[in-house]
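# Fold and contact review
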Amino acid sequence: MPGASPKYLPAQERRAATVQAVIELAACRNPADITTAAIAQHMQLTQGALFRHFPNKEAIWDAVMAYASEELLTLIDTAAARADGPLAALQAMFDAHVDFIVDHPGVPRILFAELQHDRATPAKDRVRSLLEHYRERLLRHARQGIDQGELRSTLDPDALPLLFVGMIQGLVIQSALAGDIQRMKRQAPGLFALFRQGIGARP
């Protein structure tokens with residue numbers, strides 16, 4: 001429904017718009033401080049209108065992480081499928097992940113906030129599931145790379161996902177400290193080049 005007012009969106013579009021609103025808000029403020037009132041105000045709605053589509057704030061956060069998980073996994077799968085070989089697939093996944101964060105800077109802030117909860121939440125469970133699915137993909141490419149001789153035969157494939165995800169987390173933290181999300185794109189090539197030197201097969 002092009003041009004529809006936020007007040008008159010169909011239910012599915014309203015839910016999607018709410019997810020985008022939370023991500024936008026999280027890009028510029030602490031996710032823990034984002035209230036349903038703030039979300040409704042950002043969308044120019046009443047809280048009552050918001051709760052017609054979500055029973056509570058926890059359900060909104062769950063929807064945000066569901067969107068982020070599906071979007072990110074689809075992006076890295078698409079990037080890897082276009083790559084020529086396991087090592088190229090790892091680089092394509094890395095680049096796609098960095099691009100996703102630059103386009104959605106609120107997502108990692110929400111993810112880190114969810115992991116700090118000392119209790120189980122649906123959104124936290126989704127974060128765990130995302131990381132596990134991501135790990136499975138990285139392991140598959142690592143093992144293929146070893147089998148095909150692109151990666152070092154002595155490489156521990158179980159360690160590779162930890163380092164891979166850790167690099168991206170480090171870029172996120174550095175860009176947050178600098179207040180410059182574009183810094184990730186500038187630093188990513190050099191960081192992956194160093195990673196590639198460490199895991200690549202010796203000539």
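Criteria and cut-off values
By convention here, each chain's residues receive numbers from 1 onward along its written sequence. Local features in this predicted model are restricted to residues whose pLDDT is 70 or higher, and side-chain atom pairs enter the listing and the counts only when it is 80 or higher, whereas totals over whole chains, interfaces and linings include all residues. Each side-chain value is worked out from all heavy atoms of the structure, with water and hydrogens disregarded. Numbering of helices and strands runs from the N terminus, with a helix taken as a DSSP run of H or I at least four residues long and a strand as a DSSP run of E at least two residues long. Each residue is placed in one exposure class: buried if its accessible area under a 1.4 Å probe, protein chains only, is under 20% of its type's maximum, exposed if it is over 50%, and partly exposed if it falls in between. We call two residues in contact when some of their heavy atoms are within 4.5 Å. By convention a nonpolar core is built from buried Ala, Val, Leu, Ile, Met, Phe, Trp, Tyr and Cys residues, the set being connected through side-chain atoms within 4.5 Å. Think of a salt bridge as a Lys or Arg side-chain nitrogen and an Asp or Glu carboxyl oxygen that are within 4 Å of each other. The length a helix should cover is 1.5 Å for every residue beyond the first. The arc in question is the one spanned by the directions pointing from the helix axis to the C-beta atoms. Structural elements are reduced to axes, namely lines fitted to C-alpha atoms, with helices fitted over the stretch in contact, and the angle between N-to-C directions of any two is expressed from 0 to 180 degrees. For classification purposes, angles smaller than 35 degrees are called roughly parallel, those larger than 145 roughly antiparallel, those between 65 and 115 roughly perpendicular, and all remaining angles oblique. Here a crossing is taken to be left-handed if its near helix is turned anticlockwise relative to the far helix by less than a right angle, and right-handed if that turn runs clockwise.

## A closer look at the overall build of the protein
Of regular secondary structure, the protein possesses 9 helices and 0 strands. Reading the helices (α) and strands (β) of the protein from amino to carboxyl end gives α-α-α-α-α-α-α-α-α. Its C-alpha atoms put the protein at 65 × 40 × 30 Å along the principal axes. The burial tally for the protein puts 42% of its 203 residues in the buried class.

## Examining the environment of Phe100
Note that Phe100 resides in helix H5 (residues 86–103). Here Phe100 falls in the buried class, since its relative accessible area comes to 3%. Put simply, Phe100 and Gln182 are 82 residues apart on the chain and 12 Å apart in space, counted from C-alpha to C-alpha. Apart from the residues within four sequence positions on either side, Phe100 is in contact with Ala68, Glu71, Leu72, Leu75 and Val107.

## Details of the nonpolar core
Grouped together as the largest cluster of nonpolar side chains are 59 residues, with contacts concentrated most on Ile39, Leu90, Phe94, Leu160 and Phe164. Those residues in contact with Leu90, other than ones at most four positions away along the chain, are Leu138, His141, Leu151, Leu160, Phe164, Phe192 and Ile199.

## As for unusual backbone geometry
For residues that are not glycine, phi is negative in most cases, and the peptide bond is trans in most cases. Notably, Gln44 is not glycine yet its phi reads approximately 60°, a positive angle. Owing to a relative accessible area of 58%, Gln44 belongs among the exposed residues under this scheme.

## Description of the pattern of salt bridges
For the structure on display, the rule yields 9 salt bridges. Of the charged contacts, one joins Arg137 and Asp77 as a salt bridge, the two residues approaching to 2.7 Å between their closest N and O atoms. Placement of Arg137 in helix H7 (residues 122–147) and of Asp77 in helix H4 (residues 57–81) is noted, with a sequence separation of 60 residues between them. Note on Arg137: relative accessible area 17%, which makes it buried.

## Description of H7
The end-to-end C-alpha separation of H7 is 38 Å, in line with the 38 Å expected for 26 residues at 1.5 Å each. Those residues of H7 that fall on the buried side of the exposure criterion are Ala123, Lys124, Val127, Leu130, Tyr134, Arg137, Leu138, Leu139, His141, Ala142 and Gly145. Packed against the buried residues of H7 are H4, H5, helix H6 (106–115) and helix H8 (160–178).

## Considerations on H8
An ideal rise of 1.5 Å per residue puts 27 Å on 19 residues; H8 measures up with 27 Å between its terminal C-alpha atoms. Residues Leu160, Pro161, Phe164, Val165, Met167, Ile168, Leu171, Val172 and Ser175 constitute the buried set of H8. End-on view of H8: buried residues confined to an arc of 145°, all on one side of the axis. More than 90 degrees from the buried face of H8, the exposed residues found are Leu162, Ala176 and Leu177. Those residues of H8 hidden inside the fold are in contact with H5, H6, H7 and helix H9 (183–199).

## Description of the packing of H6 against H7
Between H6 and H7, the least distance of the axes is 9 Å, while the angle of their chain directions is 110°. Accordingly, the angle class assigned to the pair H6 and H7 is roughly perpendicular. Between H6 and H7 lies a crossing of left-handed hand. On H7, the residues that touch Leu111, Glu114 and Leu115 of H6 are Ala123, Lys124, Val127 and Leu130.

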